[in-house]
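Tertiary structure, described
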Amino acid sequence: MNEITGAKPYFGGDEKIEGIVNDIKKILKSGELSLGEYTRAFEKEMTGLTGSQYATSVSSGGAALELTLKSLELNGGEVIVPTDTFVATANAVILAGGVPVFADIDKDTLCLDLEDLSHRISSNTIGVIYVHMFGLVSKSFIELREFCRQKSLFLIEDAAHAHGSKIGEEFAGNLADAGCFSFYATKILTSGEGGIITTNSETVENKIKSLRNHGRKKDSDLYDKVSNNYRMPEMSCLVALHQLRILEEIMILRKQIAFQYCNNLDEVDGLILLKEFINNKDCSYWRFPIYIDKNIDRIELQSLMMNNHKVRITWMYEPLCHNQPVFADYVKEGYQLLVAEESMSKLICLPCYPGLNNEDIKRICSGLKTEIHKLKGKIY
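Quantities reported herein were computed from a predicted structural model and do not represent experimental measurements. (Residues numbered from 1 in each chain as written. Predicted model: local features only at pLDDT ≥ 70, side-chain atom pairs only at ≥ 80, totals over all residues. Heavy atoms only, no water.)

1. Thoughts on the overall build of the protein
Scanning the protein from N- to C-terminus turns up 12 helices and 12 strands. The principal-axis extents of the C-alpha atoms in the protein amount to approximately 70 × 55 × 35 Å. The buried share of the protein, taken over its 380 residues, is 53%. Counted over contacts in the protein with a minimum sequence separation of 6, partners at least 24 positions apart contribute 69%. Of the roughly 16800 Å² that the protein leaves accessible, carbon and sulfur atoms contribute 49%. Charge separation in the protein, taken as the distance between the mean sites of 42 positive and 51 negative side-chain charges, equals 3 Å. (Helix = DSSP H or I, 4+ residues; strand = E, 2+ residues; numbered from the N terminus. Buried < 20%, exposed > 50% of the residue type's maximum accessible area, 1.4 Å probe, protein only. Contact = heavy atoms within 4.5 Å. Areas by Shrake-Rupley, 256 points an atom, 1.4 Å probe, with all protein chains shown as cover. Lys, Arg positive; Asp, Glu negative; His and termini not counted. Charge placed at Lys NZ, Arg CZ, Asp CG, Glu CD.)

Right, dumping it as structure tokens:
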């Protein structure tokens, strides 16, 4: 029995991989290993995907967030961040000279909660980072965006999970002042490492391009900003470009898997599907999130799924950001975000990546039903 992992990259099969290899040879022969033909093509096609005017590749998703925030010149201002995100989101605020303020989430979407956000606003608040968790662009995002406009707050999309996601006819990466994508090894589109920033602001674009290249002024040999090298290597851009060109296939396969989970696990006692993730045709499904009964031991469930069914189930993000020691200086003692704390404690994530076949999905679903039933029996 093959082991089903939590995540696995997909490159479209042997023929597509051969095409990547051939293009790598072209790069090696050209000697253009940075900011070359494939970087330019990758950036151009990302504007085509998102509908944004500009796209700038950088070394990682974290770098994308950091440089975007630096381009906005935080100057010690507060930026509201959901607590259920990778530490890179809040780290970027600090590295860009701002102060992260952690906010709670909506339990049905795992995304930033507008009502809680409104209570976190102070005279020092200058912006908001919204994370499209697991690739969901929540219905509440539009209302939150309007709130930010009314309050004159910048709004940044952390779209690390959301390549190809949309709401209505608007795509992630073109929903706010800027969008920040990751191409890390586990992401929907991957080049191993890398990121990209999309925006419609020429001012932001010019600043980011300068910051990416040690602070060098446009069309000049002068440097007027303190920065570093945040360039994405040409070979990484090549791989990301090939990934981008099979995104439609990747999205179809992910949705097929997610919809099977929706159909097979909807009425299982001990499992609760998150409402906006049910058969959502606009979600990229980086993972498939699902709640378990709060009395079920999640660690034991994980162990049973691996030992008895060779299926790896995961969860994230724990500890939540407001409980991470690195942010202790930004959080008052006893600070609680109760919805996120309760939601994350009962969240599991099911594998949802191309390469899983129908038999794999059946094994995951039947195994989960079996072990949940056993564990509920132990409880009662």
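2. Let's talk about empty space enclosed by the protein
Summed over the entire model, instances satisfying the criterion amount to 1 cavity of 30 Å³ or more. Volume-wise, the largest cavity comes out at about 40 Å³. In terms of lining residues, the largest cavity is bounded by K8, P9, Y10, K187, I188, Q243, I250, R254 and P354. Each residue belonging to the lining of the largest cavity can be placed in one class, and the counts come to 5 nonpolar, 1 polar and 3 charged. (1 Å grid on protein atoms, 1.4 Å probe; cavity = no way out; pocket = protein on both sides within 12 Å on 5 of 7 lines; lining within 4 Å. Points joined across faces, edges and corners; volume = space filled by probe spheres on them. Nonpolar A, V, L, I, M, F, W, Y, C, P; charged D, E, K, R; others polar.)

3. Describing the sheet that holds strand β12 (residues 347-350)
Hydrogen bonding along the main chain pairs the strands of a sheet, whether they run parallel or antiparallel. In space, the 3 strands of this open sheet follow the order β10-β11-β12, with antiparallel pairing throughout. On the outer flanks of this sheet lie β10 (271-273) and β12, each paired with one strand and no other. Shown here is a sheet whose adjacent strand axes are inclined to one another by a mean of 40°, direction ignored. As paired strands, strand β11 (residues 288-292) and β12 are joined by 4 bridges and run antiparallel to one another. If you follow F288 over to β12, its bridge partner there is L350. (Pairing = 2+ DSSP bridges. Axes fitted to C-alpha atoms, helices over the stretch in contact; angles between N-to-C directions.)

4. Remarks on the sheet that holds strand β2 (residues 78-82)
In spatial order, the strands read β1-β9-β8-β5-β4-β2-β3; together these 7 strands make up an open sheet with mixed pairing. Bordering the open sheet on either side are β1 (54-58) and β3 (99-103), each of which pairs with just one other strand. In this sheet, neighbouring strand axes are inclined to one another by 25° on average, regardless of whether the strands run parallel or antiparallel. Summarising the sheet, strand β4 (residues 125-131) and strand β5 (residues 154-158) pair through 5 bridges and their orientation is parallel. Bridge assignment links G127 to a residue of β5, and that residue is F154. In the packing of helix α4 (residues 87-95) onto the sheet, contacts are made with β2, β3, β4 and β5, and the angle to β3 comes to roughly 150°.

5. Remarks on helix α2 (residues 37-50)
With 14 residues, α2 ought to run about 20 Å at 1.5 Å a step, and its terminal C-alpha atoms sit 20 Å apart, in line with that. Taken residue by residue, α2 has Y38, T39, F42, E43, M46, T47, L49 and T50 as its buried positions. Positive phi appears at G51, one or two residues downstream of α2, with a value of about 90°. (Expected span 1.5 Å × (residues − 1).)

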